[in-house]
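# What the coordinates show
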Amino acid sequence: MRSVVSAAVLSVLLVGCNQAGQSPAAPAEPAPAADNPAPAAAPVNTAPNDGPGQAVAAAELLPTAGNQVSGRLQFYREGGQLRVRGTISGLKPNSEHGFHVHETGDCAAPDGSSAGGHFNPDAVAHGAHDAPVHHTGDMPNMRADAQGVATVDGLLAREATLGDGSSHDILGRGLIIHADPDDYVSQPTGNAGARLACGVIGSAQ
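Residues numbered from 1 in each chain as written. Predicted model: local features only at pLDDT ≥ 70, side-chain atom pairs only at ≥ 80, totals over all residues. Heavy atoms only, no water.

Looking at an unreviewed UniProt entry, one finds the protein named Superoxide dismutase [Cu-Zn], with Stenotrophomonas koreensis as its source organism. Looking at the protein in UniProt, the text filed under Function (unreviewed entry) is "Destroys radicals which are normally produced within the cells and which are toxic to biological systems." Looking at the protein in UniProt, the text filed under Catalytic activity (unreviewed entry) is "2 superoxide + 2 H(+) = H2O2 + O2". (UniProt positions renumbered as here; feature names shortened; annotations may be inferred.)

And the structure:
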């Protein structure tokens, strides 16, 4: 009987020693950081694009009777204003010409007179397009090079709009190139002379 008890006691002591000698489980090591972490997503740019993008309107200018002036102009939105760009050919070499939006989109008359006067919805005096007082249709003069070609790139009057149906909307209005430069002083047209070409501002689509 004593040998059975001794064997049991010895077995308990051996189990206890084995448990006491075990090392606690080591905590899991964190995964090493990536050598090249992925960059943060770039913020979305919600600022408006101030540069000319897709044309919103265009005009084909054809010569009036006895003239050879023609070209195509396109209109763009830029920073809250309208910009006009394009080329006009058939002008006298190194010449300067008045250039305006007119009140009526009608080029049927041989001399372009059916386009009416300058587009002037506010009934104010004529002047430079960036002067304190001016017609909505007033624009900078265009200049031809030695080959009689003018490269047009300029802003319209700040209040001019396109396609919104407001009183300053130029869509459907006439576009006239004159024989002489606009002096921006003489009333009501700047003494710009005869009409060399006429077009109608229409949608670019």
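### Let's talk about the pattern of salt bridges
Note that side chains of opposite charge can pair when their charged atoms are close. Under the definition given, this model contains 5 salt bridges. Here Glu 96 and Arg 143 are joined by a salt bridge, their closest N and O atoms 3.3 Å apart. Of this pair, Glu 96 sits in strand E4 (residues 96-97) while Arg 143 sits in strand E6 (residues 142-143), placing them 47 residues apart in sequence. Through salt bridges with shared partners, a single network forms among Glu 78, Arg 83, Arg 85 and Asp 153. (Salt bridge = Lys/Arg side-chain N within 4 Å of Asp/Glu carboxyl O. Helix = DSSP H or I, 4+ residues; strand = E, 2+ residues; numbered from the N terminus.)

### Some words on unusual backbone geometry
The omega torsion across Gln 187 and Pro 188 is 5 degrees, close enough to zero to call that bond cis. Within the fold, Pro 188 resides in the loop between strand E8 (174-178) and strand E9 (195-200). Although it is not a glycine, Ala 123 sits at a positive phi angle of roughly 55 degrees. Secondary-structure assignment places Ala 123 in the loop between strand E5 (99-102) and E6. Taking the relative accessible area as the measure of exposure, Ala 123 reaches 66% and is therefore exposed. Despite not being glycine, Tyr 184 has its phi angle at roughly 60 degrees, a positive value. As for its placement among the helices and strands, Tyr 184 is situated in the loop between E8 and E9. (Buried < 20%, exposed > 50% of the residue type's maximum accessible area, 1.4 Å probe, protein only.)

### With respect to the side chain of His 97
Relative to the helices and strands, His 97 is located in strand E4. Its relative accessible area of 3% is what places His 97 among the buried residues. For His 97, the side chain forms a polar contact with the side chain of Ser 95, separated by 2.6 Å. For His 97, the residues in contact, after removing those within four places along its chain, are Leu 91, Asn 141, Met 142, Ile 177, His 178, Ala 179, Asp 180, Pro 181 and Leu 196. (Polar contact = N/O pair within 3.5 Å; in protein donor to acceptor, adjacent residues only side chain to side chain. Contact = heavy atoms within 4.5 Å.)

### Notes on the pairing of E9
On any regular strand, side chains alternate: one points to one face of the sheet, the next to the other face. A large share of E9 lies buried, amounting to 5 of its 6 residues. Taken together, the 2 bridges between strand E1 (residues 57-63) and E9 define a ladder with antiparallel strand orientation. If you follow Leu 62 over to E9, its bridge partner there is Cys 198. Alignment of E8 against E9, held across 5 bridges, turns out to be antiparallel. Within the sheet, the bridge partner assigned to Gly 174 lies in E9 and is Val 200. (Pairing = 2+ DSSP bridges.)

### Things to note about the nonpolar core
Among the nonpolar cores identified, the biggest contains 27 residues, and Phe 75, Ile 88, Ile 170 and Leu 175 are the most heavily contacted of them. Those elements giving two or more residues to this core turn out to be E1, strand E2 (70-78), strand E3 (81-89), E5, strand E7 (150-155), E8 and E9. When neighbours within four sequence positions are excluded, Ile 88 is seen to be in contact with Leu 61, Val 69, Ser 70, Gly 71, Arg 72, Leu 73, Met 142, Gly 148, Val 149, Ala 150, Val 152 and Ile 177. (Core = buried A, V, L, I, M, F, W, Y, C linked by side-chain atoms within 4.5 Å.)

### Some details on the pairing of E8
Where burial is concerned, most of E8 is hidden: 5 out of the 5 residues are buried. As defined by bridge partners, E5 adjoins E8 across 4 bridges and the pair is classed as antiparallel. For His 100, the partnering residue across the bridge sits in E8 and is Ile 176.

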